[in-house]
Amino acid sequence: MTLNSIRVGLLASALLLIGCNEPGYPEHLQVQRIDQSDLQALLIAPKESAGAMPTVIVLGGSDGGLGGAQATAQALAEEGIAALAVGYFGLPNLQETLNSIPLEYFDAALNYIDTSTQLSRNQCQQVPVMGSSRGAELALLLGANSSDYGPVMAIAPSSHVWGAVGDTQASAWTLNGQPLTFVPRHSNPDYSAQRFIGRGYFQQDLQHADAVAARIDVNSIQGEVLLFAGADDQLWPADEMAQAIQAQLATVGPAARVTSIIYPAAGHAIAPGLPKNLTEVTLGNSQTIVLGGRPEDNAAAQQDILRRAVAAIKNPICYDSKASFNAHKLDELEQFLQTSGTSSMVLMRAGEVVFEYGDIHEKHTIHSIRKAMLNSLYGIYVERGVINLDTTLAELGIDDSTPLTEAEKTATIRQLLQSRSGIYLPSAATSEGMLAAMPPRGKFKPGEQYIYNNWDFNVAGAVFEKLTGESIYTAFYREIAKPLGMQDFKGSYTTIDEDTDISQLEVDGFYQYEPELSKFPAYHFRMSAYDMALYGQLYENFGVWNGQRILSREWIEQSTTSYSLTNRYMDFGYGMLWNVINPNEQRPEPAFFHTGIGIHMLGVYPSSDLVFVHRVHTETDYQFDQQNLYSIIGQVFGALETRHSNEPADTDK
């Protein structure tokens, strides 16, 4: 008896508990059994859907058939996703056991999705794949060996390839007709134990030197990786293997694309759709196989995994390693920058600087891009429950030198961040252009109209400090700059007056009061182009940095959703402290940015895996034509090219 065969029995027993023999489905779901010579699967999808639906491949573990995958597929379908549960052994036309399964078999699932008018790949032209236990091992292998899969979501995952079920000398998987190297078994399980715990035996096998050759090459995965494991997994050490995968990914550029969540009191059976009380299984011989976890913690893990998986499926992070920059065109761009008045510029991909110009570590004022910096702090403290965006100014006790009307006091924090407060009062650091665009006071009620208004932004900064009890700069350093490894921002700040020579400052931020206008200061940031690029990369990574989640994906999506159309011709909008480039027929993917006095810019372009930072040293005398910024952006995208994987980059066009 092998550990693998034990797992077959226990998972088969587990699936009996959830009724896998063609259970009834709700009326709002459509279910289609796919019984083909090259594909055994079950499609579960919402009935009501306009157009092609985002589609995910779901893989069960060593139970065989469609049981566990079917349960998870139904949970995903309830969230508006088409889920294709794919069986890969123990069904007609397939291997009887988990032994020598060709990875190429799953090409048929891709083809089924690609030829369906109902189903679709995601924005990255990939198909998400989710697996649990041995299915998680399989999902990681598929992602590592084909760019067609992403994001890869592995529940109770393995960092290594394991052997076949029932045959310790055979591989579970093959590629191009060759068996994949797997971990040899050295442990000697006590199969006579009344309560069998497998975790320690897997740990022993992983300690041997010959296990190294069986490590899954997760560095080859192109796209986001989500790992979920229970620290109380008693079947195998999924938590330790998830941490090993995370550490492996940390050695390459896309390291920030991994999310690894360890649930302290959860066990092995944490895939969405499984019964929460599946903490152990009693086999026919009365032996109990311990899976671990507590029912309430398993349930909480399943709910959290489902939420995160749905977000990743609907809003994937695109990473295209085939994209590159034409070196000759970058040379032309650099020549242009030398005459444009640009002081520094950075292009960053996957956390790496791929192009730089000037002193990218010189700090100076970023002007209105300060608003985008405040966005992250709000996201963190909203998620912690410290800030409620629907709190009104009246509830906060906010008033100004010019008293607010009762109607103005109904404006919410959310409306401040959207610049839709309807409050048109004098404010610090307000330009002539902003004043000229200001409507008469009282013309619009809170929430009715977008007006780019420093009163909103200054008060948003003051509200943050009021509710958190600390300076914006201190919080930004602790929560953002330090975790991202910013090299130049240290969190120091001061207050300036009209006699301050800003060019002589060495601090990272300063408050600008204009008490004759308002009692609320403008909060200015002084940052380097490099640190700004790191900040943009955090947003492109949807809040993940070196495997740790700093911002929630939901907050970034909420912040970069357009609530106001700001440029009808260009189809630009404003979200919450970010400008939004809306998707349309010419550009299917959204992007977002913020500018400072029209010549500084931080742009985040997820579909191109690109962060763009442009700086002009405006603390001293400068000459820069705003039209040059548009030309620079055009040259950047003109230099971006995509090549086939077997085609070398052409650096001499």
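Thresholds applied
Residues numbered from 1 in each chain as written. Predicted model: local features only at pLDDT ≥ 70, side-chain atom pairs only at ≥ 80, totals over all residues. Heavy atoms only, no water. Buried < 20%, exposed > 50% of the residue type's maximum accessible area, 1.4 Å probe, protein only. Helix = DSSP H or I, 4+ residues; strand = E, 2+ residues; numbered from the N terminus. Pairing = 2+ DSSP bridges. Core = buried A, V, L, I, M, F, W, Y, C linked by side-chain atoms within 4.5 Å. Contact = heavy atoms within 4.5 Å. Patch = residues over 30% accessible without salt bridge, like charges linked within 9 Å, V, L, I, M, F, W, Y side chains within 5 Å. Areas by Shrake-Rupley, 256 points an atom, 1.4 Å probe, with all protein chains shown as cover. Salt bridge = Lys/Arg side-chain N within 4 Å of Asp/Glu carboxyl O. Lys, Arg positive; Asp, Glu negative; His and termini not counted. Charge placed at Lys NZ, Arg CZ, Asp CG, Glu CD. Phe/Tyr/Trp six-rings, centres within 6.5 Å; stacked < 30°, edge-to-face > 60°. Arc of directions from axis to C-beta. 1 Å grid on protein atoms, 1.4 Å probe; cavity = no way out; pocket = protein on both sides within 12 Å on 5 of 7 lines; lining within 4 Å. Points joined across faces, edges and corners; volume = space filled by probe spheres on them. Nonpolar A, V, L, I, M, F, W, Y, C, P; charged D, E, K, R; others polar.

Concerning the pairing of strand β19 (residues 344-349)
Summarising burial for β19: six of the six residues are buried, a large majority. Neither face of β19 is exposed, since Ser344, Val346 and Met348 on one face and Met345, Leu347 and Arg349 on the opposite face are all buried. Bridge count between β19 and strand β20 (residues 352-358): six bridges; the pairing is antiparallel. When the bridges of β20 are listed, Ser344 appears paired with Gly358. Joining the antiparallel neighbours β19 and β20 is a turn of two residues, in which Ala350 adopts a positive phi near 50 degrees.

With respect to the nonpolar core
Formed by 105 residues in total, the largest nonpolar core has its most connected members in Ile57, Leu59, Val86, Tyr88, Phe106, Leu140 and Trp173. Beyond its immediate sequence surroundings of up to four residues, Phe106 is in contact with Leu59, Val86, Tyr88, Ile101, Leu138, Leu142 and Tyr149.

Let's talk about a negative patch on the surface
A cluster of acidic residues, Asp497, Glu498, Asp499 and Glu516, forms a negative patch at the surface. Considering the arrangement of structural elements, one finds Glu516 in the loop between β23 (509-512) and β24 (522-527).

Side note on the packing of aromatic side chains
Here the structure, examined in full by the defined rule, presents 29 aromatic pairs. Ring centres of Tyr381 and Phe464 lie 5.3 Å apart, and the angle between their planes is 85 degrees; on these two criteria the pair is classed as edge-to-face. Taken together, the residues span a long stretch of sequence, with Tyr381 in helix α9 (residues 370-383) and Phe464 in helix α13 (residues 454-468) at a distance of 83 residues. Look at Tyr381 and you get buried, because its relative accessible area is 7%.

Thoughts on the pattern of salt bridges
All told, the structure shown has 24 salt bridges when counted by the stated rule. Between Asp148 and Arg121 there is a salt bridge, with its nearest N and O atoms 2.9 Å apart. Highlighted residues: Asp148 in the loop between α4 (134-145) and β8 (149-155) and Arg121 in the loop between β6 (119-120) and β7 (127-132), separated in sequence by 27 residues. Put simply, Asp304, Arg307, Arg308 and Glu554 are held in one network by salt bridges that share partners.

Comments concerning the sheet that holds strand β17 (residues 288-290)
In spatial order, the strands read β13-β17-β16; together these three strands make up an open sheet with mixed pairing. Edge positions in the sheet fall to β13 (195-196) and β16 (280-282), since each has one partner strand and no second. Bridge analysis of β16 against β17 gives three bridges, and the strand direction is antiparallel. By the bridge assignment, Glu280 is partnered in β17 with Val290.

Observations regarding helix α5 (residues 199-207)
All of the buried residues in α5 are Arg199, Tyr201, Phe202 and Asp205. Buried residues along α5 cover an arc of 165 degrees about the axis, so they all sit on one side.

Considerations on the layout of surface pockets
Here the idea is plain: a probe the size of a water molecule rolls over the atoms and shows the empty space left. Considering only enclosed or pocket space, the largest pocket measures out at about 1,400 Å³ in volume. Around the largest pocket, the lining comprises 48 residues; the ones closest to its centre are Asn579, Phe593, His594, Thr595 and Gly598. Going through the elements one at a time, α9, α12 (432-436), β23, β27 (564-567), β29 (579-581), β30 (591-596), β31 (600-605) and α17 (626-639) are the ones with two or more residues in the lining of the largest pocket. Considering only residue class, the lining of the largest pocket consists of 22 nonpolar, 21 polar and five charged.

Observations regarding unusual backbone geometry
A cis amide bond links Gly150 with the next residue in sequence, Pro151, at an omega value of -5 degrees. By the secondary structure assignment, Pro151 is in strand β8. Of note in this structure, Gln125 is not a glycine but carries a positive phi near 60 degrees. Checked against the element boundaries, Gln125 lands in the loop between β6 and β7. The exposed category is assigned to Gln125, whose relative accessible area is 55%. Phi is positive for Ser133, which is not a glycine, with a value near 60 degrees.

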